[in-house]
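Read off the chains here:
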Amino acid sequence: MSGAKFTEEVIRLAGEEIRTCIQCGTCSSSCSTAHLMDNSIRKLIRLVLDGRKIEALASDSIWLCTSCLLCTVRCPRGIRPKAVVSALRQICEREGIRSRDASFERIFMDQIRSMGRISEVLLSAAYALRNPDAAVPIMEMGIELLSRGKVSLDPGSVKGMDEIERIFREFENE
Amino acid sequence: MDPSERPMRIGVYICHCGLNIAATLDVEELRRFAEMLPNVVVARDIQFTCSDAGQNTIKSDIAELKLDAIVVAACSPRLHEPTFRRTITEAGLNQYMLEMANIREQCSWVHMDSPALATQKAKDLIAMAVAKAALLHPLETESMPVSRDVLVIGGGVAGISAALDLANAGLRVYLVERRPTIGGYMALLTDVFPTNDCSICVLAPKMAEVYANPMIKLMTYSEILAIEGTVGHFRVTGVTKPRYVDPTLCKGCINECSSACPVEVPNEYDFGLGKRKAIYMAIPQSVPLVACIDTNACIGCGLCAEACPADAVKYDQQSEEFKLDVGAIIVATGWQPFDASRKEEYGFGRYRDVVTTLQIERMLNAAGPTRGDVVRPSTGEIARSVAFIQCVGSRDQTVGNPYCSRICCMASLKNAQLIKERYPDADVSIHYIDIRAGGEGYEEFYLRAQRLGINFIRGRVSSVEEGDDGLYVHYEDTLLGKTLMKRYDLVVLSTGLEANSDAEVVGNLLGLSRRPDRFFEIAHPKMRPVEAHIDGVFIAGCASGPKEIQVSIAQGSAAASKAMQLLFKGEIELDPTVAFVDREKCIGCRLCVDTCPSRAISVKDTAFVDEARCKGCGTCSAACPVDAIEMRLFSDEQILAQIRAATAVKGEYPFIVGFLCNWCSYAGADLAGTSRIQYPTNIRIIRVMCAGRVDPSFVLEALRRGADGVLIAGCRIGECHYVSGNLHALQRVEVLKGLLKEIGIDPRRLKVAWCAASEGDILARKIEEFVEELRDLGPVGTELAAALPSGKV
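Described below are features of the structure shown in this document. (Residues numbered from 1 in each chain as written. Chains lettered and ligands numbered in written order. Predicted model: local features only at pLDDT ≥ 70, side-chain atom pairs only at ≥ 80, totals over all residues. Heavy atoms only, no water.)

### Some points on the overall build of chain B
Helix and strand counts for chain B stand at 22 helices and 38 strands. Seen through its C-alpha atoms, chain B measures out along the principal axes to roughly 95 × 65 × 55 Å. For chain B, with 793 residues in total, the buried portion stands at 59%. Contacts in chain B between residues far apart in sequence, at least 24 positions, make up 73% of those at least 6 positions apart. Looking at chain B as shown, the accessible area adds up to about 32200 Å², and 52% of this sits on carbon and sulfur atoms. Each charge sign in chain B was given a centre, from 85 positive and 99 negative side chains, and these centres are 1 Å apart. (Helix = DSSP H or I, 4+ residues; strand = E, 2+ residues; numbered from the N terminus. Buried < 20%, exposed > 50% of the residue type's maximum accessible area, 1.4 Å probe, protein only. Contact = heavy atoms within 4.5 Å. Areas by Shrake-Rupley, 256 points an atom, 1.4 Å probe, with all protein chains shown as cover. Lys, Arg positive; Asp, Glu negative; His and termini not counted. Charge placed at Lys NZ, Arg CZ, Asp CG, Glu CD.)

### With respect to the overall build of chain A
Scanning chain A from terminus to terminus reveals 11 helices and 0 strands. The N-to-C order of helical and strand elements in chain A reads α-α-α-α-α-α-α-α-α-α-α. Taken along its principal axes, the extent of the C-alpha atoms in chain A is 55 × 40 × 30 Å. Residue burial in chain A is summarised as follows: out of 174 residues, 38% are buried. Looking at chain A alone, contacts between residues at least 24 apart form 63% of all its contacts between residues at least 6 apart. For chain A, the exposed area adds up to about 10400 Å²; of that, 55% sits on carbon and sulfur atoms. With 25 positive and 24 negative side-chain charges, chain A shows a separation of 5 Å between the mean positions of the two kinds.

### Quick word on the pattern of salt bridges
Residues and elements named next belong to chain B. A full pass over the atoms with the stated rule returns 65 salt bridges over all chains. The salt bridge involving Arg-684 is made with Asp-124; its shortest N-O contact spans 2.7 Å. One end of the pair, Arg-684, is in strand β36 (residues 683-688); the other, Asp-124, is in helix α5 (residues 115-133), and 560 residues separate them in sequence. Among the residues examined, Arg-684 registers a relative accessible area of 0% and is labelled buried. Note that Asp-427 and Lys-486 form a salt bridge whose closest N and O atoms lie 3.4 Å from each other. Within this pair, whereas Asp-427 is found in strand β22 (residues 427-432), its partner Lys-486 is found in strand β26 (residues 482-488), the two being separated by 59 residues in sequence. (Salt bridge = Lys/Arg side-chain N within 4 Å of Asp/Glu carboxyl O.)

### Examining the interface of chain A and chain B
Facing the 18 residues of chain A at the interface are 18 residues of chain B. Across the interface of chain A and chain B, roughly 1300 Å² is buried in total on both sides, 44% from carbon and sulfur atoms. Considering only the surface of chain A that becomes buried against chain B, Ser-29, Arg-74 and Pro-76 of chain A emerge as the three largest contributors, covering 37% of it. Run the count over chain A and chain B and you get 1 salt bridge. (Buried area = accessible area lost by both parts, 1.4 Å probe.)

### Overview of the sheet that holds strand β11 (residues 222-230) of chain B
Residues and elements named next belong to chain B. Read across the sheet, 3 strands follow the order β11-β12-β17 without closing on themselves; strand pairing throughout is antiparallel. Since the sheet does not close on itself, it has two edges, and those belong to β11 and β17 (320-326), each with one partner. Neighbour to neighbour, the strand axes of the sheet diverge by 15 degrees on average, direction disregarded. Inspection of the sheet shows strand β12 (residues 233-240) paired to β17 by 7 bridges, in the antiparallel sense. Across the sheet, Phe-234 pairs through a bridge with Val-326, a residue of β17. (Pairing = 2+ DSSP bridges. Axes fitted to C-alpha atoms, helices over the stretch in contact; angles between N-to-C directions.)

### Considering the pairing of strand β18 (residues 328-331) of chain B
All names here are of chain B. Across the two faces of β18 the burial is the same, with Ala-328 and Ile-330 and Ile-329 and Val-331 all buried. Here strand β6 (residues 150-153) pairs with β18 via 4 bridges, running parallel. Bridged to Leu-151 within β18 is Ile-329.

### As for the sheet that holds strand β35 (residues 656-661) of chain B
Residue and element names in this part refer to chain B. As summarised here, the arrangement of the 4 strands in space is β36-β35-β37-β38, forming an open sheet in which the pairing is parallel. Edge positions in the open sheet fall to β36 and β38 (750-754), since each of these has one partner strand only. For this sheet, the mean inter-axis angle between neighbouring strands, taken without regard to orientation, is 20 degrees. Strand direction decides the pairing type here: strand β37 (residues 709-714) and β38, joined by 5 bridges, are parallel. What sits directly across from Leu-711, in β38, is Lys-751. In this fold helix α21 (residues 760-777) packs onto β35, β36, β37 and β38, with an angle of close to 160 degrees to the strand it touches most, β37.

### Points about the environment of Leu-49 of chain A
Residue and element names in this part refer to chain A. Note on placement: Leu-49 falls in helix α3 (residues 41-49). Given a relative accessible area of 24%, Leu-49 falls into the partly exposed group. In the structure, Leu-49 is positioned 11 residues away from Asp-38 in sequence and 18 Å away in space, judged by C-alpha atoms. Beyond its immediate sequence surroundings of up to four residues, Leu-49 is in contact with Thr-7, Ile-11, Ile-18, Arg-19 and Cys-21.

### A few points about unusual backbone geometry
All names here are of chain B. In this chain, Phe-193 is followed by Pro-194 through a cis amide linkage whose omega measures -5 degrees. The residue Pro-194 is located in the loop between β8 (191-192) and β9 (197-198) in this model. The omega torsion across Tyr-653 and Pro-654 is -10 degrees, close enough to zero to call that bond cis. By the secondary structure assignment, Pro-654 is in the loop between α17 (636-648) and β35. Of note in this structure, Lys-66 is not a glycine but carries a positive phi near 50 degrees. Position of Lys-66 relative to the elements: it lies in the loop between α2 (52-65) and β3 (69-74). Lys-66 gets classed as exposed once you look at its relative accessible area, which sits at 53%. Here Asp-627, not a glycine, exhibits a phi torsion of approximately 55 degrees, which is positive. Inspection of the secondary structure puts Asp-627 in the loop between α16 (619-623) and β34 (629-631). Residue classification places Asp-627 among the partly exposed residues on the basis of a relative accessible area of 34%.

### Structural notes on the side chain of Ser-494 of chain B
All names here are of chain B. Its location among the elements puts Ser-494 in strand β27 (residues 490-495). Among the polar contacts made by the side chain of Ser-494, one reaches the side chain of Ser-412 at a distance of 3.0 Å. Apart from residues lying up to four places away in sequence, Ser-494 is in contact with Thr-357, Ile-389, Gln-390, Cys-391, Val-392, Cys-408 and Ser-412. (Polar contact = N/O pair within 3.5 Å; in protein donor to acceptor, adjacent residues only side chain to side chain.)

### Focus on the state of the cysteines
Applying the stated criterion to the full structure yields 1 disulfide over all chains. Paired by a disulfide, Cys-198 of chain B and Cys-201 of chain B hold their sulfur atoms 2.2 Å apart. Residues Cys-198 of chain B and Cys-201 of chain B are joined by a disulfide whose S-S torsion is about 80 degrees; by sign, that bridge is right-handed. Sulfur of Cys-24 of chain A: no disulfide; nearest cysteine sulfur belongs to Cys-75 of chain A and is 6.3 Å away. (Disulfide = S-S within 2.5 Å.)

### Observations concerning α17 of chain B
Residues and elements named next belong to chain B. The end-to-end C-alpha distance of α17 is 18 Å, a good match for the 18 Å that 13 residues give at a rise of 1.5 Å each. Within α17, 10 of the 13 residues are buried, which leaves the element mostly enclosed by the surrounding structure. Buried residues of α17: Asp-636, Gln-638, Ile-639, Leu-640, Ala-641, Gln-642, Ile-643, Ala-645, Ala-646 and Thr-647, and no others. (Expected span 1.5 Å × (residues − 1).)

### Looking at the packing of helix α6 (residues 157-168) of chain B against helix α14 (residues 549-567) of chain B
When two helices pack together, their arrangement is captured by the angle between the axes and the distance separating the axes. Residue and element names in this part refer to chain B. Viewed as axis vectors pointing N to C, α6 and α14 meet at an angle of 35 degrees, and their least axial separation amounts to 7 Å. Read as a crossing pair, α6 and α14 show a hand that is right-handed. For the pair formed by α6 and α14, the contact residues are Val-157, Ala-158, Ser-161, Ala-162, Asp-165 and Leu-166 on the first element and Ile-549, Ser-552, Ile-553, Gly-556, Ser-557, Ala-560, Ala-563 and Met-564 on the second. (Left-handed = near helix turned anticlockwise from the far one by under 90°.)

### Here's the deal with the packing of helix α19 (residues 696-704) of chain B against helix α20 (residues 725-742) of chain B
Residues and elements named next belong to chain B. At a minimum axis separation of 10 Å, α19 and α20 run at an interaxial angle of 40 degrees. The angle between α19 and α20 places the two elements in the oblique class. The two elements α19 and α20 meet at a crossing, and its hand is right-handed. Facing α19, whose interface residues are Pro-696, Val-699, Leu-700 and Leu-703, α20 presents Arg-732, Leu-736, Leu-739 and Leu-740. Split by residue class, the contact of α19 with α20 holds 7 nonpolar, no polar and 1 charged. (Parallel < 35°, antiparallel > 145°, perpendicular 65-115°, else oblique. Nonpolar A, V, L, I, M, F, W, Y, C, P; charged D, E, K, R; others polar.)

### Looking at α2 of chain B
Residues and elements named next belong to chain B. If you check α2, its first and last C-alpha atoms are 19 Å apart, about what 14 residues at 1.5 Å a residue would give, namely 20 Å. When α2 is considered as a whole, its buried residues turn out to be Gly-54, Gln-55, Ile-58, Asp-61 and Ile-62. When α2 is viewed along its axis, its buried side chains cluster within an angular range of 120 degrees and face the same direction. Counted as exposed and oriented over 90 degrees from the buried face of α2: Asp-52, Ala-53, Ala-63 and Glu-64. Each element contacted by the buried residues of α2 is listed here: β1 (10-15), β2 (40-46), β3 and α3 (77-90). (Arc of directions from axis to C-beta.)

What follows is the structure in structure tokens.
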């Protein structure tokens with residue numbers, strides 16, 4: 001996909017209004033996770049309009065959006081910045097580009113499939129094994145939470161595991 | 001002998017235009033052809049018909065051959081129709097007894113490679129012109145005496161400027177103002193950009209001049225109730241509300257009465273920052289200098305009446321109705337500030353230290369509620385850090401105002417400068433999206449603000465929060481790419497300008513149209529800046545959109561000058577090429593009332609066209625279901641005669657009859673000619689004033705007579721010379737296509753095209769495309785033949 005085609009595709013998915021962006025920054029300064037982002041939402045839209053596909057798709061910001069929609073409510077041009085983020089996520093998915101935390105997502109899904117729910121302790125442990133860098137802060141926080149009784153070591157169980165398996169298989173068949 | 005009793009005698013003049021026509025068309029053959037047409041008494045070819053010699057030939061023929069009508073086959077009527085109208089008038093004919101065949105722009109110049117087909121087309125064009133000429137009638141231009149008085153609605157700076165110019169030229173002016181004083185918003189401002197001179201100091205002399213001018217009747221605290229009539233004679237009814245103070249007795253000292261008054265209310269002239277009494281004067285420089293009692297606040301204690309040394313307080317004063325007869329009306333109803341509390345995220349109305357532009361203007365004003373101090377309203381202390389937030393209620397679709405309010409950048413630059421000059425240590429920032437400083441001396445003014453040490457932060461503020469120690473402003477510095485937060489003592493919302501909702505009544509009474517931004521629409525967004533769509537009505541100042549003071553003054557003067565042109569002679573000429581109603585046929589269905597863009601038609605039992613208002617587009621005539629509305633020029637019978645003449649010999653296939661509107665697409669076709677853009681010869685163009693004039697019967701007649709296709713072309717949607725004529729045309733075409741389908745004719749044989757006068761190339765391509773499409777469809781009737789089982793018609 002060339003730069004121009006990338007721009008067109010995002011516009012198709014997220015709306016024509018994107019072309020009218022005036023780079024005012026209302027979206028980014030309304031954003032609750034803006035301080036964690038490498039590119040602000042405003043800059044993401046500029047990257048899209050300039051056809052800078054690789055930079056846009058590599059941006060962490062896409063995965064940090066919490067879908068609170070404040071950007072979309074406040075945009076003076078009627079643009080839906082949240083829809084731009086969704087479009088970029090969709091294109092990433094389609095092209096097999098994974099976020100930095102793709103391993104986390106895999107562990108998350110595996111646990112759901114095997115237990116029908118998430119166990120914070122098992123999830124953290126599995127993630128820490130694969131990402132040794134993250135192990136220390138996870139353990140620190142885990143100990144604090146355990147001492148206050150905020151997490152349980154017993155994952156518990158759910159009914160209808162066969163239903164969950166059916167959903168997974170159906171998704172795989174698609 | 002009365003011309004009506006004998007057959008029409010027509011002279012045809014075919015112009016060589018040097019070689020412009022004669023190089024492509026066989027002029028001699030055209031002359032011989034014209035000679036044989038019915039009613040033609042003489043046909044001549046002339047080297048240059050527009051030359052003195054050419055015109056003299058026509059004149060002497062009119063006299064010697066007793067000609068009744070003239071056909072000139074030459075260039076576009078948009079070029080030389082006025083010339084030849086003058087020619088035949090000089091020879092004693094009525095100017096409307098002329099028809100032109102456009103064989104240059106729409107024939108010889110656009111078909112240079114096919115002289116034979118072009119000559120055939122020219123023959124058709126001449127036959128069409130002769131057919132129409134045989135049905136022409138003399139039309140008399142009537143003049144109507146008019147009132148030379150002018151009503152100016154609104155006493156802001158635009159209205160003041162208009163009133164003074166008119167009065168100084170010797171016209172009587174009625175200046176009606178809703179508030180107790182004239183001066184508008186300008187009278188409330190502190191210093192004004194780009195010179196930073198005191199606003200009221202430059203305005204007060206003008207206000208006093210209005211009061212003193214014997215040609216101006218000033219009516220403050222008054223409103224318009226009804227407007228009837230049309231250009232030249234608007235009958236206006238209004239009312240002056242009671243002030244409960246006799247203006248002839250009040251000396252304007254105000255201290256005596258207002259210090260006695262025990263009631264205090266927020267002062268609307270300070271935008272809520274200060275207070276005033278129930279008996280008050282809006283500003284110290286009020287004109288007229290007369291007190292006014294606010295009946296919503298007054299408790300009727302009578303103390304003011306006792307205190308007044310001049311006995312001017314009159315509790316029994318009544319409202320007074322007035323009636324005016326004026327020739328023209330200038331609408332200078334101004335604007336209203338955007339209600340900043342609608343932008344909840346900025347906290348106006350919740351946080352006391354968030355104020356608006358108008359409030360900071362009043363604070364900075366030495367006569368204002370803080371005597372010129374810039375303070376935090378919550379504490380009364382001087383503000384040490386001030387933020388200006390731009391584009392509040394402007395460039396914002398979330399509040400329905402996508403437009404730029406044009407003056408806020410400059411106003412904030414100015415107020416920031418004034419604060420910085422008064423408090424050099426203050427931290428003053430302007431949060432902006434774009435700084436718009438286009439105007440004489442404006443960029444220099446911006447430069448001055450930068451040099452004074454004002455911070456410019458690019459990025460729109462997303463929200464304002466109140467903390468324990470001040471206001472916190474959230475924004476992204478888009479040039480740094482960082483989301484930030486900054487603390488201020490005072491936040492000024494640079495509120496935009498909105499259309500004045502109080503002016504809606506006047507707008508409705510006059511039938512003014514509004515743009516999507518709700519301001520009054522002017523007749524042409526570029527070329528006619530102060531004219532309304534309604535004859536005799538002019539719009540000045542912010543009534544037609546946000547403007548700075550200097551532009552409002554210029555517009556007031558411009559509107560005054562337009563009104564003078566209209567009324568100075570004391571009479572106006574009425575264009576006779578208007579619509580009229582056959583009252584026998586009219587069924588009073590009111591369809592015409594709804595289609596008329598000039599609001600010229602009213603219905604009492606039957607329809608009536610106000611000829612002073614009608615602009616002759618003909619949309620009503622096409623809309624009339626019983627053909628009761630006719631045009632005096634471009635009549636149904638004339639146009640039908642042109643269609644029949646065009647289709648009499650179908651010399652080409654595919655054969656197209658085109659209806660082109662005079663202002664855009666016909667002009668576009670002319671441009672294709674002057675640009676020598678070549679297109680197929682297959683089209684015969686009939687000029688109409690508006691695409692909205694095209695009656696469905698014209699289309700059906702053309703197809704019935706063997707045209708393979710019909711093209712209707714008008715101005716681009718949204719650019720119609722008559723506002724909405726092309727929309728009516730479009731609507732009609734949609735219905736007509738359904739009808740064609742029903743009777744078995746391929747609806748693709750009817751095509752619409754919208755093209756501007758500058759788009760000759762687009763029109764040429766449309767014609768080319770249409771010819772190709774029709775070639776694919778086959779001759780008209782093919783589809784009918786195909787539908788029959790025998791395969792025959």
